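# Results of the structural survey
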Amino acid sequence: MPELPDVEGFREVLMTCGRRRCVTDVEVRDAGALRGVTVRRLRRELKGRRLGKAWRHGKWLFVPTDGGPTLVCHFGMTGALLCCAPDDPIAPHDRIVLTLDHTRHLRYRDQRKLQGVRLADDTELARITDRLGPDASTVSGPEFRELLSGRRGAVKSALMDQSVIAGLGNLLCDEILWRAHVHPRTPARNLSKTALRRIHTRMGRVLETSVRAGCVPPRRSWLTGHRDDSDPECPRCHGLLRSSRVAGRRTVWCPECQT
């Protein structure tokens with residue numbers, strides 16, 4: 001599932017492939033990937049416009065156009081953005097294809113279509129971003145502690161709540177809490193200032209490494225490198241990892257060193 005590091009990678013793809021390039025054609029191969037905009041309007045609003053400097057907030061990607069609306073992408077669980085040559089074969093899940101300067105394709109690829117692509121004016125942009133908390137990569141330590149202190153429910157639920165902190169998903173939250181030695185079911189309001197400071201520090205380090213890798217890396221020294229093992233072993237204490245559902249998602253933790 002694309003999380004903050006993945007979407008930051010898609011932003012880099014867009015900046016490399018599309019910034020200052022003109023949209024010369026718009027092909028919607030599956031209108032099920034559109035949200036709140038028709039095929040006809042998407043073509044009318046984008047064709048002939050140049051793409052500006054893309055920016056990201058949480059898991060959302062925003063692409064301004066010169067004199068037109070902002071192209072907004074959310075990647076759900078299986079979405080991706082790719083830069084391709086026009087003669088590269090179209091993949092089965094390439095839903096939207098933008099031709100740029102007649103020389104390259106920017107393709108929105110998504111198998112499950114749980115989210116999609118939309119257009120937004122300034123009012124709609126404000127509506128989207130106002131629902132989001134601060135971006136996880138920029139939130140300060142004091143702000144982080146203020147956001148989580150006193151919240152009801154498990155700490156993992158709070159971290160995954162995009163209205164609290166934007167950008168963290170299932171893999172990131174499990175990795176961060178494992179590195180902070182905090183059980184994911186710990187009530188957020190029971191966390192000490194020291195524990196909150198530790199979670200924030202580990203979050204920054206995990207994000208820094210993950211953004212460089214373009215994903216949450218499945219390294220053997222990371223919790224994510226053992227999630228799918230038949231007998232997953234904690235890479236820190238070598239205890240047997242456990243799995244259950246927290247915040248509606250499969251959650252992996254170590255009962256030995258993450259209490």
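Above this text is the structure in question.
Source: prediction; values computed, not measured.

A count of helical and extended segments in the protein gives seven helices and ten strands. For 259 residues, the compact-globule estimate of 2.2 N^0.38 gives 18 Å, and the protein sits close to it at 20 Å. A principal-axis box enclosing the C-alpha atoms of the protein has dimensions of 60 × 40 × 25 Å. Among the 259 residues that make up the protein, the fraction classed as buried is 52%. The contacts in the protein between residues at least 6 apart in sequence include a share of 62% that link residues at least 24 apart. Just so you have it, the protein exposes about 12,000 Å², and 47% of that area is on carbon and sulfur atoms.

What the rule picks out here adds up to four aromatic pairs. For the ring pair Phe-10 and Phe-75, a centre distance of 4.5 Å and an interplane angle of 50 degrees mean the geometry is tilted. Taken together, the positions of Phe-10 in helix 1 (residues 4-18) and Phe-75 in the loop between strand 4 (70-74) and strand 5 (79-84) put the pair 65 residues apart, joining distant regions of the chain. As far as burial versus exposure is concerned, Phe-10 and Phe-75 are alike and both buried. Relative to Phe-62, the ring of Trp-60 has its centre 6.5 Å away and its plane inclined at 15 degrees; by these criteria the two rings are stacked. Overall, the relative accessible area of 9% leaves Trp-60 in the buried class.

A few words on the sheet that holds strand 1 (residues 23-28). Across the sheet, which stays open at both edges, the four strands sit in the order 1-6-7-5 with antiparallel pairing between neighbours. With partners counted over all chains shown, the strands left at the sheet margins are strand 1 and strand 5, one partner each. The mean angle between the axes of side-by-side strands here comes to 15 degrees, regardless of whether they run parallel or antiparallel. As paired strands, strand 6 (residues 94-100) and strand 7 (residues 104-110) are joined by six bridges and run antiparallel to one another.

Pairing is antiparallel across the open sheet formed by four strands, whose spatial order is 2-3-4-8. Strand pairing shows two members of the sheet lacking a second neighbour, strand 2 (55-57) and strand 8 (116-120), which therefore form its edges. Across the sheet, the mean angle from the axis of one strand to that of its neighbour is 25 degrees, orientation sign disregarded. Sheet analysis places strand 4 next to strand 8, joined by five bridges and oriented antiparallel.

Following the criterion strictly, the structure yields one cavity of 30 Å³ or more and no others. Within this model, the largest cavity holds a volume of roughly 80 Å³. Lining the largest cavity are Leu-42, Leu-46, Leu-71, Cys-73, Leu-81, Ile-96, Leu-98, Leu-106, Arg-107, Tyr-108 and Val-117. Only helix 2 (39-46), strand 4, strand 6 and strand 7 provide two or more residues apiece to the lining of the largest cavity. At three residues, strand 7 tops the list of elements feeding residues into the lining of the largest cavity. Residues that form the lining of the largest cavity fall into these classes: ten nonpolar, no polar and one charged.

Quick look at the environment of Pro-69 now. Within the element layout of this structure, Pro-69 appears in the loop between strand 3 (60-63) and strand 4. Judged by relative accessible area, Pro-69 falls into the buried class, the value being 11%. Spatially, the C-alpha atom of Pro-69 lies 39 Å from that of Gly-150, the residues being 81 residues apart in sequence. Here Pro-69 is in contact with Glu-45, Arg-49, Val-63, Leu-119 and Ala-120, once residues within four sequence places are set aside.

Moving on to the nonpolar core. Ranked by size, the top nonpolar core spans 29 residues in total, and within it Leu-42, Leu-61 and Leu-71 carry the most contacts. A per-element tally of this core places helix 1 first, with five residues. In this view, Leu-42 contacts Val-26, Val-28, Leu-34, Val-37, Leu-71, Ile-96 and Leu-119; residues no more than four positions away in its chain are not counted. Counting 28 residues, the second largest nonpolar core, distinct from the first, contains Ile-165, Ala-195, Met-203 and Leu-207.

Reading guide: rules and limits
- Residues numbered from 1 in each chain as written.
- Predicted model: local features only at pLDDT ≥ 70, side-chain atom pairs only at ≥ 80, totals over all residues.
- Heavy atoms only, no water.
- Helix = DSSP H or I, 4+ residues; strand = E, 2+ residues; numbered from the N terminus.
- Rg over C-alpha atoms; globule rule 2.2 N^0.38 Å.
- Buried < 20%, exposed > 50% of the residue type's maximum accessible area, 1.4 Å probe, protein only.
- Contact = heavy atoms within 4.5 Å.
- Areas by Shrake-Rupley, 256 points an atom, 1.4 Å probe, with all protein chains shown as cover.
- Phe/Tyr/Trp six-rings, centres within 6.5 Å; stacked < 30°, edge-to-face > 60°.
- Pairing = 2+ DSSP bridges.
- Axes fitted to C-alpha atoms, helices over the stretch in contact; angles between N-to-C directions.
- 1 Å grid on protein atoms, 1.4 Å probe; cavity = no way out; pocket = protein on both sides within 12 Å on 5 of 7 lines; lining within 4 Å.
- Points joined across faces, edges and corners; volume = space filled by probe spheres on them.
- Nonpolar A, V, L, I, M, F, W, Y, C, P; charged D, E, K, R; others polar.
- Core = buried A, V, L, I, M, F, W, Y, C linked by side-chain atoms within 4.5 Å.

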